[in-house]
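Here's the letter readout for the chains.
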Amino acid sequence: MNLVDYFADKISPAGVAKLYQLSPQWAITKLREHRFRQVVQYVGRHSEFYRTAFRQRGIDPRMVRTPADLGDFYTTPDDIVANPKAFICQTPNIVFESSGTSGKNKQIYYSQRELRQIGQIDAAGLQLMGMESTDRVANGFDFSMWIPGMLVHNALMAANTFCMAFGKVDPLEVYRRLKQYQFNVIMGEPTWLIRLTELAEEHGSVPLKLLIGGAEEMPREAIGWMNRVWQGAKVRMCYGSVELGGGLGYQPCDQPDVYHVDDTDFYPEIIEPDGDGLGELVFTTLRRTVMPLLRYRTRDVTRLIPEPCPCGLRGMRMARLRGRRDELIVASGGNLYPLMFENILRPIPELTHDWQVQFKLEALREIMEMHVECAGIDESALQREIQQQIRLQYPDLMKNLDIGIFDMRIVVHPPGFLRSDRKLKRMVDHRYEQDNAATGPQSAAAGSKEAAHVG
Ligand SMILES: [Zn+2]
């Protein structure tokens, strides 16, 4: 550990936030570049994957000054799925999993020290978003294998707030305890927060200070409605992922379409940008020691905004996400990919091999519409059979349906109806189409983002 990181570890989250607010732009840039050079040399020494890749490509880590010096070398999700152990540089204490489109999960390892550090950084992010140690927080993020809940919990401990670690329970459980524990900040996935807000609209609300979402994008129309229902609560989002280990993007100011980026702990880049600057987000972790990732391809499409923010906070900003480069869609409170639906529908002999799942918003409610083909079947029996398969194979998805954060609809067509083309698009996301129309062209299929979390 170098001296800068040694002292960085000792500062309180409030100190980290203050330091970031006060640092001049040149210092932020210098720190990011210094850390980048160090991490390249570090993985060159300790990670079998990067050592091999550098050797094959004739890269001398000591000569690398900026990401551009690595040419077209990137780390892909498939690299991690193929051999996660080859990335590990130090003995880990914990593993998280994040789903990949192949149906195989990515393993991401961390040490106890890294988790503490992530907690401290994320707490600083929450501080910049307006959270104070006197706040009372309901943490409704999932405590599961892809574990945003626990990372958020670490951040709340580091921020020294009072909290309850609900996990992704039925929003009704949180609603019932609002007054009892006097929560004024609620954190969870947007679809879950929307369900909770529906309950409050119907049965009465309390004044809240903040609603913080992550893991999916928040529909724009939801923000004003939530603000109204919760009597003035600010609605803010974070962008993170299991691979990032913490939040990369925060919303400290009133701009729902923009994230401020933590560009001293991560080095973000956009690759293959289109005319509007939209391209795939790639990041390098700058302080990881167990499993650092160099130029990791997130598959998320966005753009970086170099101009300074009117709020005065320095550093890079990033636009609201525009979709995914692959067929993974974050919807219905989880990461969904075509293979899942293949597995759900295959055991039902009456169906043809063609199907398509569409995601929509009706008012603010998320609808998962499964279009299938069949020559004649009792539709209620089909509905029961599909639900049974989901319950058996994907209990997390069923749980999200049970707790009411999305609705499922099954639409039956005659055989041959769905395929007009050789390649049938299996998953179609209509949820943010209006958003996209309002903000310009998109460069990839609409959708949202990966197993992300907040911090
Ligand atoms: Zn700002």
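**Q** Kindly report on the environment of Leu304, identifying the contributing residues and their values.
**A** Inspection of the secondary structure assignment puts Leu304 in strand S14 (residues 304-305). Using a relative accessible area of 21% as the deciding quantity, one classes Leu304 as partly exposed. Separated by 177 residues in the primary sequence, Leu304 and Gln127 place their C-alpha atoms 23 Å from one another. Beyond its immediate chain neighbours, meaning those up to four positions away, Leu304 contacts Pro268, Glu269, Ile270, Met316, Arg317 and Met318.

**Q** Now, about the coordination of the zinc ion: what can you tell me, with residues and values included?
**A** Taken together, the protein donors to the zinc ion comprise Cys253 (SG), His260 (NE2), Cys309 (SG) and Cys311 (SG), at separations of 2.1 to 2.3 Å. Coordination at the zinc ion comes from four donor atoms whose angles at the metal span 102 to 116°, giving a geometry best classed as tetrahedral. Read N to C, the donor residues that coordinate the zinc ion are spaced as C-x6-H-x48-C-x1-C.

**Q** Quick one: what's the story with the domain arrangement of the protein, residue by residue and with numbers?
**A** In terms of domain boundaries, the protein breaks down into domain 1 (1-325 + 451-455) and domain 2 (330-425). In this structure, domain 1 and domain 2 have C-alpha centres spaced 31 Å apart. At the junction of the two partners, domain 1 supplies 24 residues and domain 2 supplies 18 residues. In total, domain 1 and domain 2 occlude about 1600 Å² of area from one another, counting both sides; carbon and sulfur atoms represent 55% of this. A per-residue breakdown of the area domain 1 buries against domain 2 is headed by Lys168, Thr191 and Glu216, which together make up 28% of the total. In this structure, the connection of domain 1 to domain 2 is made through two salt bridges. For Asp142, the salt bridge identified is with Lys399, shortest N-O distance 3.9 Å. On the surface where domain 1 and domain 2 come into contact, there are four residue pairs in polar contact (both at pLDDT 80 or more).

**Q** Describe helix H6 (residues 112-128), and please don't skip the residues or the numbers.
**A** The first and last C-alpha atoms of H6 sit 25 Å apart over 17 residues, in line with the 24 Å expected at 1.5 Å per residue. Buried residues dominate H6, accounting for twelve of its 17 residues. Taken residue by residue, H6 has Glu114, Leu115, Gln117, Ile118, Gly119, Gln120, Ile121, Asp122, Ala123, Ala124, Gly125 and Leu126 as its buried positions. Gly130 sits one or two residues past H6 and shows a positive phi near 110°.

**Q** Can you explain the sheet that holds strand S12 (residues 279-285)? Please cite residues and give values.
**A** Taking strand neighbours across the sheet as the criterion, the four strands line up as S11-S12-S13-S16 in an open arrangement whose pairing is antiparallel. Across the chains shown, the open sheet's two edge strands, defined by having one partner strand only, are strand S11 (266-271) and strand S16 (323-324). Pairing analysis gives six bridges linking S11 to S12, with the strands arranged antiparallel. By the bridge assignment for S12, Ile270 is matched with Leu281. Across the sheet, helix H3 (residues 25-46) touches S11 and S12, and the angle it forms with S11 is around 90°.

Analysis parameters
- Residues numbered from 1 in each chain as written.
- Predicted model: local features only at pLDDT ≥ 70, side-chain atom pairs only at ≥ 80, totals over all residues.
- Heavy atoms only, no water.
- Helix = DSSP H or I, 4+ residues; strand = E, 2+ residues; numbered from the N terminus.
- Buried < 20%, exposed > 50% of the residue type's maximum accessible area, 1.4 Å probe, protein only.
- Contact = heavy atoms within 4.5 Å.
- Donors = N, O, S within 2.8 Å, 3.2 Å for Na, K, Ca; no water.
- Tetrahedral: all angles 85-135°; square planar, octahedral: opposite > 155°, others 65-115°.
- Domains from an automatic or database assignment.
- Buried area = accessible area lost by both parts, 1.4 Å probe.
- Salt bridge = Lys/Arg side-chain N within 4 Å of Asp/Glu carboxyl O.
- Polar contact = N/O pair within 3.5 Å; in protein donor to acceptor, adjacent residues only side chain to side chain.
- Expected span 1.5 Å × (residues − 1).
- Pairing = 2+ DSSP bridges.
- Axes fitted to C-alpha atoms, helices over the stretch in contact; angles between N-to-C directions.

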